[in-house]
Every structure is written in C-alpha cells, then in structure tokens.
Amino acid sequence: MQVLEKAFGYITRECEGRIQVLVFEQNTAGAGIQIPKGTVEEGETPLEAVIREMAEETGLTNLEVKGLIAHDYAEHYSGALQKRYFYHLISNDSRPTWQHNPTGVNEGNLQFTFYWIEDKDAVVLAKGHGDYLYRIFGPFVR
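Definitions and cut-offs
Residues numbered from 1 in each chain as written. Predicted model: local features only at pLDDT ≥ 70, side-chain atom pairs only at ≥ 80, totals over all residues. Heavy atoms only, no water. Helix = DSSP H or I, 4+ residues; strand = E, 2+ residues; numbered from the N terminus. Contact = heavy atoms within 4.5 Å. Core = buried A, V, L, I, M, F, W, Y, C linked by side-chain atoms within 4.5 Å. Buried < 20%, exposed > 50% of the residue type's maximum accessible area, 1.4 Å probe, protein only. Expected span 1.5 Å × (residues − 1). 1 Å grid on protein atoms, 1.4 Å probe; cavity = no way out; pocket = protein on both sides within 12 Å on 5 of 7 lines; lining within 4 Å. Points joined across faces, edges and corners; volume = space filled by probe spheres on them. Nonpolar A, V, L, I, M, F, W, Y, C, P; charged D, E, K, R; others polar.

(A) Broad picture of the side chain of Glu 56. Inspection of the secondary structure puts Glu 56 in helix H1 (residues 46-58). Among residues more than four places away in sequence, those in contact with Glu 56 are His 100, Pro 102, Thr 103 and Gly 104.

Here you go:
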C-alpha cells in the first residue's frame, strides 16, 4: 500500500491578546471548513512542503515556522493511507478575512475564503483537520 505524505499548517496570529488560527472555505460544495495543507512532493521534506503549500493555498509568504507539533498516520476517506505532518506557523497578517485563488496543481478553478477562529470548537472542521488544534489552543501554549 502506498503512503501519501501530507503537510498541514496551523497558521496562528495574536490579535488583542488572543491566539487565532487561520481556516478557510472553498467555492466547491461539500469541502467543509479546512486548514491549509497539501501533498509532500517527490524529493521534498515535509517542512519544505508546508512552507510551499502555505504560500500556494493562502498567499502568505512571510510565515515563521514555530515547529512540528504532531505527525501520525490516518486513513483518508478515499481509503488511501496518509502520513500527516502538522506544523505550527506564525503570521503577522492583520486582515480579518480575504480570498485567494490557490496556485497549486489542479487548483485552477478554486477560490478560498480565509478567516480566523479563536477556539477549537468555533467551527466544525473537515475530518482530520482539527485533530491537533488542542495543541494550539491549550492552556500552556504561547
């Protein structure tokens, strides 16, 4: 069985003393609310992938990588096995919301609408996307 590697990014910022996490919705039905993520390409490390994917999906290029917060294996709804890497990245972006057309392969007709959440239960994220949010919003994280 082939394992597909995925790099997820919990992009955070501090706003009025509160930690916020970036999420998005896309212009296709049924996709749900997500965090930015993407496939680790051949010859690329997961860290390189998360930096590239965050720029492609969000348009943000001035992100500070705080670190890898978790990695695991999970079965995708398609039946494929994924090795998932969850990174914490920090942004200084002040916009409350924006739209971006992702620049990755096969994303030409997509538009993402981004906004920030302040609580792990603020929205219902797509399956697997919120698995490690507690590590961002936990009481000892800053």
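After that view, the rundown keeps rolling.
(B) Spotlight on the nonpolar core. Ile 11, Leu 22, Val 50, Leu 89, Trp 98 and Phe 114 are the most contacted members of the largest nonpolar core, which totals 17 residues. When residues of this core are traced back to their parent elements, those giving at least two are strand S1 (3-15), strand S2 (18-26), H1, strand S5 (81-90) and strand S7 (112-117). Discounting chain neighbours no more than four positions away, the residues touching Ile 11 are Gln 20, Val 21, Leu 22, Pro 36, Met 54, Thr 58, Leu 60, Leu 63, Leu 89, Ser 91 and Trp 116. Core analysis: the second largest hydrophobic core is formed by 16 residues, Val 23, Tyr 115, Ile 117 and Leu 133 among them.

(C) Highlighting H1. The terminal C-alpha atoms of H1 lie 18 Å apart, and with 13 residues this matches the ideal 18 Å at 1.5 Å per residue to within 8%. Those residues of H1 that fall on the buried side of the exposure criterion are Pro 46, Ala 49, Val 50, Arg 52, Glu 53, Met 54, Glu 56, Glu 57 and Thr 58. The secondary structure elements touched by the buried residues of H1 are S1, S2, strand S3 (37-39), S5, strand S6 (97-100) and S7. One or two positions beyond H1, positive phi appears at Gly 59, with a value near 85 degrees.

(D) Seen up close, the layout of surface pockets. By volume, the largest pocket is sized at about 730 Å³. Forming the boundary of the largest pocket are 30 residues, of which Lys 6, Gln 34, Lys 37, His 76 and His 129 lie nearest the centre. When residues of the lining of the largest pocket are assigned to their parent elements, the largest contribution, four residues, is made by H1. Among the residues forming the lining of the largest pocket, the class breakdown is eight nonpolar, 10 polar and 12 charged.

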